[in-house]
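Structural overview for review
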Amino acid sequence: MGIFDVFKKKGNANPAAQPKATAAPSAANLMTKEEIELILIKIMIKGEEALLIKVYKGGTIVRNGAGGVPRVDVGCMMNDARNQQIWQKLLERLPLSLLELNGQQIADNIRDPYSYTVVFYGQSNNGQTGEYAQWQRTQGIHVEADLNGPNHPLISAMDQLAVAAVSLTNEWYFDIVILACFGMKAEGLMGMLSTSRTFDKQQAFANLLTQLSQSPAATDVVKYPAGKVYVEDGTGHRFRLEMKLDGQNARYDFIPTI
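Let me sum up the structure you'll find in this document.

Analysis parameters
Residues numbered from 1 in each chain as written. Predicted model: local features only at pLDDT ≥ 70, side-chain atom pairs only at ≥ 80, totals over all residues. Heavy atoms only, no water. Pairing = 2+ DSSP bridges. Helix = DSSP H or I, 4+ residues; strand = E, 2+ residues; numbered from the N terminus. Axes fitted to C-alpha atoms, helices over the stretch in contact; angles between N-to-C directions. Contact = heavy atoms within 4.5 Å. Phe/Tyr/Trp six-rings, centres within 6.5 Å; stacked < 30°, edge-to-face > 60°. Buried < 20%, exposed > 50% of the residue type's maximum accessible area, 1.4 Å probe, protein only. Salt bridge = Lys/Arg side-chain N within 4 Å of Asp/Glu carboxyl O. Parallel < 35°, antiparallel > 145°, perpendicular 65-115°, else oblique. Left-handed = near helix turned anticlockwise from the far one by under 90°. Nonpolar A, V, L, I, M, F, W, Y, C, P; charged D, E, K, R; others polar. Polar contact = N/O pair within 3.5 Å; in protein donor to acceptor, adjacent residues only side chain to side chain.

1. Observations regarding the sheet that holds strand 2 (residues 48-56)
Taking strand neighbours across the sheet as the criterion, the eight strands line up as 5-7-6-1-2-3-4-9 in an open arrangement whose pairing is mixed. Both edges of this open sheet fall to strand 5 (103-106) and strand 9 (192-195), since each of them pairs with a single strand only. If you compare each strand with its neighbour and ignore which way they point, the axes differ by 10 degrees on average. Note: strand 1 (residues 38-45) against strand 6 (residues 113-124), eight bridges, orientation antiparallel. In the sheet register, M44 faces strand 6, and the bridge partner there is S115. Each of strand 1, strand 2, strand 3 (60-64), strand 4 (74-79), strand 6, strand 7 (135-146) and strand 9 touches helix 3 (residues 155-182); the most contacted strand, strand 4, lies at about 90 degrees to it.

Below, the structure written as structure tokens:
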């Protein structure tokens, strides 16, 4: 199940059936785009983490998951100043309405829960701007609702930001998962990866293909490996990866190359 696919099937929210939106903080306490140095986005589905993305202004990116469940059990981090282009594009797609609220909304009588969390951080007070930063400014929104209920009125903007963050980091995350599952490293790939003790390589890659093929950027899946060479760990053998979409099913094949 992919969270992005769920919302395509739902109707418009009924505001009368939803909790009232959290009151906006005073203008003096609101963060502006210019103050933000870190954006955190987290999606939970039925108690399972479907997506965690942290994008830093300084170039660090952390990502776990592809937005659906069962989760893609691969985490990764990259620190590269060139990622500032991703930061700028994400800021351009940030709905300004998310900067006008601060707090949480939890629906009543939730049976099949999902939640969105979006948090903004700024003004480091220890000189760090990455994972070890201590932030003075924090502002965010947390929404919990029922998968079978009407959309919460705040979800649309939060989902818009999540889709943007996922699409901007999908190609990099795809190559990280290829490395984790097959030991094939795309030439030039940067980043550290982590998996759990119960990591199932075949299941993780199957979950990734399913969730990417059902996402708004489904047609991009076949483009991610195009023109790349993947080098096998241990042997140094070189391959190209061919991807094909058959409906919502993705097929793949590693082809030896000279």
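2. With respect to the packing of aromatic side chains
The tally for this structure, following the rule as stated, stands at ten aromatic pairs. Note on F174 and F205: the rings are 6.5 Å apart at their centroids and 55 degrees apart in plane angle, and the pair reads as tilted. Of this pair, F174 sits in helix 3 while F205 is found in helix 4 (residues 201-213), placing the two residues 31 residues apart along the sequence. Across the pair, exposure class does not vary: F174 and F205 are buried alike. Summarising the aromatic geometry, the rings of Y230 and F254 are spaced 6.4 Å apart at their centres and angled 85 degrees between planes, so their arrangement reads as edge-to-face. Taken together, the residues Y230 in strand 10 (residues 230-232) and F254 in strand 12 (residues 249-256) connect sequence positions 24 residues apart. Side by side, Y230 and F254 carry an identical accessibility label, which is buried.

3. Topic: the pattern of salt bridges
By the definition in use, this model includes eight salt bridges. Between E35 and R137 there is a salt bridge, and its shortest N-O distance comes to 2.9 Å. Taken together, the positions of E35 in the loop between helix 1 (3-9) and strand 1 and R137 in strand 7 put the pair 102 residues apart, joining distant regions of the chain. Residue class for R137 comes out buried when judged on its relative accessible area of 19%. Here R82 and D80 are joined by a salt bridge, their closest N and O atoms 2.7 Å apart. The exposed category is assigned to R82, whose relative accessible area is 58%. Of the residues examined, D80 reaches a relative accessible area of 12% and is grouped as buried. A network of salt bridges, in which partner residues are shared, links E171, D175 and K228.

4. Quick look at the packing of helix 2 (residues 84-92) against helix 3
Any two packed helices are characterised by how steeply their axes cross, that is the angle between the axes, and by the distance between the axes. Remark: helix 2 packs on helix 3, axes separated minimally by 10 Å, with the N-to-C direction vectors making an angle of 155 degrees. As far as their axial angle goes, helix 3 and helix 2 are roughly antiparallel. As for the relative orientation of helix 2 and helix 3, their crossing is right-handed in sense. Facing I86, K89 and L90 of helix 2, the residues of helix 3 in contact are L161, A164, A165 and L168. Of the residues in the contact of helix 2 with helix 3, the class split is six nonpolar, no polar and one charged.

5. Observations concerning the packing of helix 3 against helix 4
Taken N-terminus to C-terminus, the directions of helix 3 and helix 4 make an angle of 160 degrees; their axes are 9 Å apart at the nearest point. Considering the angle they form, helix 3 stands roughly antiparallel to helix 4. In the packing of helix 3 onto helix 4, the handedness of the crossing is left-handed. Between helix 3 and helix 4, the residues in contact are N170, Y173, F174, V177, I178, A180, C181 and F182 and K201, A204, F205, L208, L209 and L212, respectively. Split into classes, the residues belonging to the contact of helix 3 with helix 4 amount to twelve nonpolar, one polar and one charged.

6. Some points on the side chain of H142
As for its placement among the helices and strands, H142 is situated in strand 7. We classify H142 as buried; its relative accessible area is 18%. A polar contact of 2.7 Å, which involves the side chain of H142, links it to the side chain of T117. When near neighbours in sequence (up to four residues on either side) are disregarded, H142 contacts G103, Q104, Q105, S115, Y116 and T117.

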